[in-house]
Amino acid sequence: KLQNLIFSMGETFRRILVSDRQAERRVLSIGLKDIPDSEVKEVLRLGVQVGFLQMDAIGNKACAGKTWMYTLNRMLVPHFDLDPSTVAGCVFVTNEMLKNAFSRKIDFCPTNDDLDGMQQMMLFD
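Residues numbered from 1 in each chain as written. Predicted model: local features only at pLDDT ≥ 70, side-chain atom pairs only at ≥ 80, totals over all residues. Heavy atoms only, no water.

A. Looking closely at the pattern of salt bridges. Summed over the entire model, instances satisfying the criterion amount to four salt bridges. Among the ionic pairs, Glu39 bridges to Lys1, the shortest N-O distance being 2.7 Å. Placement of Glu39 in helix 2 (residues 38–49) and of Lys1 in the segment before helix 1 (2–17) is noted, with a sequence separation of 38 residues between them. In this structure Lys1 comes out as exposed when scored by relative accessible area, which is 52%. The shortest N-O distance in the salt bridge between Glu39 and Lys99 comes to 3.5 Å. Of this pair, Glu39 sits in helix 2 while Lys99 sits in helix 3 (residues 95–103), and the two are 60 residues apart along the sequence. A residue is classified by how much of its surface remains accessible, and Glu39, at 27% relative accessible area, is partly exposed. Connected via shared salt-bridge partners are Lys1, Asp37, Glu39 and Lys99. (Salt bridge = Lys/Arg side-chain N within 4 Å of Asp/Glu carboxyl O. Helix = DSSP H or I, 4+ residues; strand = E, 2+ residues; numbered from the N terminus. Buried < 20%, exposed > 50% of the residue type's maximum accessible area, 1.4 Å probe, protein only.)

Shown next, in the form of structure tokens:
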């Protein structure tokens, strides 16, 4: 489960990096949109325990407190051709998305339309 999650994270972050998205392309973290169930907590805890993930608390986008953020270990980053020197963003995922990633590798941003919708407008557009 942890291996599939790590590969899902890495492949998603790589896809965002090479996309045409103009803002926050250097992503190495996932943030939780909702409260994880016991299975998700256990896999994430194992990832932190073995050093594949690092856990931190960040303010959530709804301005309603804090949420947990899990960052891919910088030693794993070269495997996915990512740049570990700078990080600018976080992909927010649901409990259900994480559970799907445990059974098979998934992309947390499944279509180019999702990436296009997140593009930042230029000043004179």
